[in-house]
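Chain by chain, the residues:
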Amino acid sequence: GITSSSLAAIVNYAVGAGPSAVAAGDLDGDGRADLVSANYVDNTLSLLRNRTADPTITTFSPGSGPVGTLVTINGTKFTGATAVAFGGVNATSFTVVSATQITATVPAGAVSGTIRVVSPAGTATSIGAFVVVAARPARTAATPAAGPVQVELFPNPARQRVTILLTNAVENAGITVELLDQLGRVVRRAPLPTGQTELSLEGMTAGVYSVRLAGATAPIQRLVVE
């Protein structure tokens, strides 16, 4: 028979004043029973939805880029996702790779802001913001330079990753970006064949680093890692 040891622990839920009746039923069509309490004293109804934990966004990469950038979003409960948005603007192209990963293209009109994923399990919102930057037209060796090569860093200060963007760099010119610590040691290095790349900052000590280019002349930039 049923004993106290075969039942789960009691869980109390707050409802209105003077609950006088309780009904159970699947009110939102999700296949799980919900509860409704009729409250006599304050003449209200309390709805208790039977929901599992909402989906989550744990990481996304890259952390910034122009419209058209393909972003990989990692998290939980993405199965059946119906919408992905960047800064409140819905992506017109996205693919649910698995229950824990989605790839989405930054849509036209997107602005810097959080990423949002809507699935049958609920809505997930990223903690950090995706930074939308202006697209840079590629320059070939036959195209006159509009000025000296400039280095832009997004975001700065940065935590998990930083996007490095070059202005007036020749495409496929063999440029490499280097990240140096305060002792002048190279701690990160990456090629820049198209004038844009992303560096992972995982495992790096918080502090001020120098960003320099190898293969092009450009002012050294300072990057703050938090």
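Scroll up to find the structure this text is about.
Let me begin by describing the structure that accompanies this report. Computed from a prediction, not measured in an experiment: that's the story for all the values here.

## Digging into the overall build of the protein
In step 1: Helices and strands together make up the secondary structure of the protein, namely zero helices and 19 strands.
In step 2: Pairs at least 24 apart in sequence give 48% of the contacts found in the protein among residues at least 6 apart.
In step 3: Roughly 12600 Å² of accessible area belongs to the protein as shown, and the carbon and sulfur atoms make up 56% of that amount.

## Quick notes on the sheet that holds strand E3 (residues 44-48)
In step 1: In space, the three strands of this open sheet follow the order E1-E2-E3, with antiparallel pairing throughout. In this open sheet, the two strands that pair with only one neighbour each are strand E1 (19-25) and E3. Sheet twist, expressed as the average angle between the axes of neighbouring strands with direction ignored, equals 20°.
In step 2: Sheet analysis places strand E2 (residues 34-39) next to E3, joined by five bridges and oriented antiparallel.

## A closer look at the packing of aromatic side chains
In step 1: In total, this model carries one aromatic pair according to the counting rule given.
In step 2: With 5.5 Å between their ring centres and 70° between their planes, phenylalanine 86 and phenylalanine 130 make a pair best called edge-to-face. Highlighted residues: phenylalanine 86 in strand E7 (residues 83-86) and phenylalanine 130 in strand E12 (residues 122-132), separated in sequence by 44 residues.
In step 3: The cationic tip of arginine 161 hangs over the ring face of phenylalanine 60; the distance from NZ or CZ to the ring centre is 5.9 Å.

## Here's the deal with the side chain of serine 119
In step 1: Positionally, serine 119 belongs in strand E11 (residues 113-119).
In step 2: Among residues more than four places away in sequence, those in contact with serine 119 are Pro55, Lys77, Phe78, Thr79, Gly80, Ala81 and Thr82.

## Overview of the pattern of salt bridges
In step 1: As enumerated under the stated definition, the model contains four salt bridges in all.
In step 2: Close ionic contact of arginine 212 with glutamate 178 constitutes a salt bridge, the shortest N to O distance being 2.7 Å. Here glutamate 178 lies in strand E15 (residues 176-180) and arginine 212 lies in strand E18 (residues 207-214), a separation of 34 residues in the sequence.
In step 3: Assessed through its relative accessible area of 8%, glutamate 178 is described here as buried.

Rules used throughout
- Residues numbered from 1 in each chain as written.
- Predicted model: local features only at pLDDT ≥ 70, side-chain atom pairs only at ≥ 80, totals over all residues.
- Heavy atoms only, no water.
- Helix = DSSP H or I, 4+ residues; strand = E, 2+ residues; numbered from the N terminus.
- Contact = heavy atoms within 4.5 Å.
- Areas by Shrake-Rupley, 256 points an atom, 1.4 Å probe, with all protein chains shown as cover.
- Pairing = 2+ DSSP bridges.
- Axes fitted to C-alpha atoms, helices over the stretch in contact; angles between N-to-C directions.
- Phe/Tyr/Trp six-rings, centres within 6.5 Å; stacked < 30°, edge-to-face > 60°.
- Lys NZ or Arg CZ within 6 Å of the ring centre and 35° of its normal.
- Salt bridge = Lys/Arg side-chain N within 4 Å of Asp/Glu carboxyl O.
- Buried < 20%, exposed > 50% of the residue type's maximum accessible area, 1.4 Å probe, protein only.

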